[in-house]
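Residue-level structure breakdown
So you can see what is in the structure, the chains are spelled out below.
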Amino acid sequence: MKLKYLIKKIANAIFTLFCVLIINYFLFRVMPGDPLAMMLRDPKASPESVEKMKHLFGLDQAWYVQFGLYVKQLLSGDLGMSFLFKQPVTELIAIKIVPTLLLVGVATLVSLIGGIFLGILAARKRGKKVDIMSLSFSLLTYSMPTFWVGVVLVALLSVHLTLFPTSGMTTAGMVFSSSMDAVVDVAHHLFLPALSLSLVLLGQYVLIMRNSLIDELTEDYVQTAKAKGFSEKYIVRKHAVPNAMLPMVTVISINLGFMIAGAIEIETVFSWPGIGRLMYEALLNRDYPLLQGIFLIISTCVIFANLIADVLYGYLDPRVKG
């Protein structure tokens, strides 16, 4: 890995983050709606109450003064105070990020293992029944909206068969006798949201892995390995699959960043107490500081994921180390 290549990618990531910081501040302030009206919830509120609320949240100052304060607070790790919850944004995000990471982590792991396995199987059996079935299943799941998959699973497995709970992360009011009981209860609630998210990702991973591996199996080095007498299984495992993983590395890294934001649909459908659900509530109530904080965290995750993808790609493929 060339140091120049690494520095260039880090510099690009920092510049992108700076641009996001500027957009992040102004984006939510051009949205329709009045946050003060959402906070007061009283159309007959006195002018004194309105002015007091403006002063409390710094809304009575010029936009450039507010922006300067925002940057100053951000550099000190302070994302501001939530209009809706009257709590520091940092604390709210810290609490809600754990359920989202749990959901995203499980869904990514399941879809990744299943996608790579089915993709390799489909590529090796190209044109056969297994390939056609895998391809059809992947195209079907990849084309389905995430929220629709969640609604269907709730209707089928929760409402009709009553196998899983419809919402939440734990059973309300439940007192657990041991840590294992709590883990089992969380896993029971996690199953449907994770399954919904992993089904959509699974199709994408299968398609990319299959097409990438098919391309690798037509390369000259594969034919040379066959001519030397190596078995097909050995060639696929040792030579073709590692090279076919290059496009997968890019997609996986990018998805890890975007899934933090993309989980909003699943978290809304299943009332999962994560970042997505928090963003939904903040959006409904025009909670600027909370929206800014969440948007910044998500943007940072996406930028960092792209940086990781660039670095890994440069490590795995010498051709891009310019």
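Residues numbered from 1 in each chain as written. Predicted model: local features only at pLDDT ≥ 70, side-chain atom pairs only at ≥ 80, totals over all residues. Heavy atoms only, no water.

1. A look at the nonpolar core
Judged by nonpolar contacts, the single largest core of 41 residues is most densely connected at Leu103, Ile120 and Leu213. Residue contributions to this core peak at 13 residues, all from helix α8 (residues 179-217). Among residues more than four places away in sequence, those in contact with Leu103 are Leu190, Pro193, Ala194, Leu197, Ala263, Ile266, Glu267 and Trp272. Of all hydrophobic cores here, the second largest spans 20 residues; its members include Leu74, Leu278, Leu290 and Ile298. (Core = buried A, V, L, I, M, F, W, Y, C linked by side-chain atoms within 4.5 Å. Buried < 20%, exposed > 50% of the residue type's maximum accessible area, 1.4 Å probe, protein only. Helix = DSSP H or I, 4+ residues; strand = E, 2+ residues; numbered from the N terminus. Contact = heavy atoms within 4.5 Å.)

2. Here's the deal with the packing of helix α5 (residues 89-124) against α8
In contact at an axis separation of 5 Å, α5 and α8 are set at 35 degrees when each is read in the N-to-C sense. Here the hand of the crossing between α5 and α8 comes out right-handed. Looking at the contact of α5 with α8, its residues break down into 24 nonpolar, five polar and one charged. (Axes fitted to C-alpha atoms, helices over the stretch in contact; angles between N-to-C directions. Left-handed = near helix turned anticlockwise from the far one by under 90°. Nonpolar A, V, L, I, M, F, W, Y, C, P; charged D, E, K, R; others polar.)

3. Observations regarding the packing of aromatic side chains
This model, assessed by the stated rule, comprises two aromatic pairs. Summarising the aromatic geometry, the rings of Phe230 and Tyr234 are spaced 5.2 Å apart at their centres and angled 20 degrees between planes, so their arrangement reads as stacked. Its relative accessible area of 39% is what places Phe230 among the partly exposed residues. (Phe/Tyr/Trp six-rings, centres within 6.5 Å; stacked < 30°, edge-to-face > 60°.)

4. Describing the side chain of Thr108
With respect to the element layout, Thr108 can be found in helix α5. Ignoring anything within four residues of it in the chain, the contact list for Thr108 reads Leu256 and Met259.

5. A closer look at the packing of helix α7 (residues 146-160) against α8
Axes are the key here: two packed helices are described by the angle between their axes and the distance separating the axes. Running from amino to carboxyl end, α7 crosses α8 at an angle of 135 degrees, the nearest separation of the two axes being 9 Å. Viewed along their axes, α7 and α8 adopt a mutual orientation that is oblique. Our pair here, α7 against α8, has a crossing hand that is right-handed. Side by side, α7 and α8 meet where Thr146, Val149, Gly150, Leu153, Leu157 and Ser158 of the first sit next to Leu192, Leu195, Ser196, Leu197, Leu199 and Val200 of the second. (Parallel < 35°, antiparallel > 145°, perpendicular 65-115°, else oblique.)

6. What to know about the environment of Met81
With respect to the element layout, Met81 can be found in the loop between α4 (63-75) and α5. Note on Met81: relative accessible area 38%, which makes it partly exposed. Sequence separation between Met81 and Gly293 is 212 residues, and the spatial gap between their C-alpha atoms is 9.9 Å.

7. A few points about the pattern of salt bridges
For the structure shown, the criterion picks out three salt bridges. For Glu232, the salt bridge goes to Arg124, with nearest N and O atoms at 3.9 Å. Note that Glu232 is positioned in helix α10 (residues 232-269) and Arg124 in helix α5, a separation of 108 residues in sequence. By relative accessible area, Glu232 is classed as partly exposed at 43%. We note a salt bridge from Arg277 to Glu281, for which the minimum N-O separation is 3.6 Å. Residue Arg277 and its partner Glu281 are both found in helix α11 (residues 275-284); the two are separated by four residues, about one turn of the helix. Owing to a relative accessible area of 24%, Arg277 belongs among the partly exposed residues under this scheme. (Salt bridge = Lys/Arg side-chain N within 4 Å of Asp/Glu carboxyl O.)

8. Quick look at the side chain of Ser196
Structurally, Ser196 is set in helix α8. The buried category is assigned to Ser196, whose relative accessible area is 0%. A distance of 2.8 Å separates a polar side-chain atom of Ser196 from the backbone oxygen of Leu192. Among all residues touching Ser196, those that are not within four sequence positions of it are Val149, Gly150, Leu153, Ile266 and Phe270. (Polar contact = N/O pair within 3.5 Å; in protein donor to acceptor, adjacent residues only side chain to side chain.)

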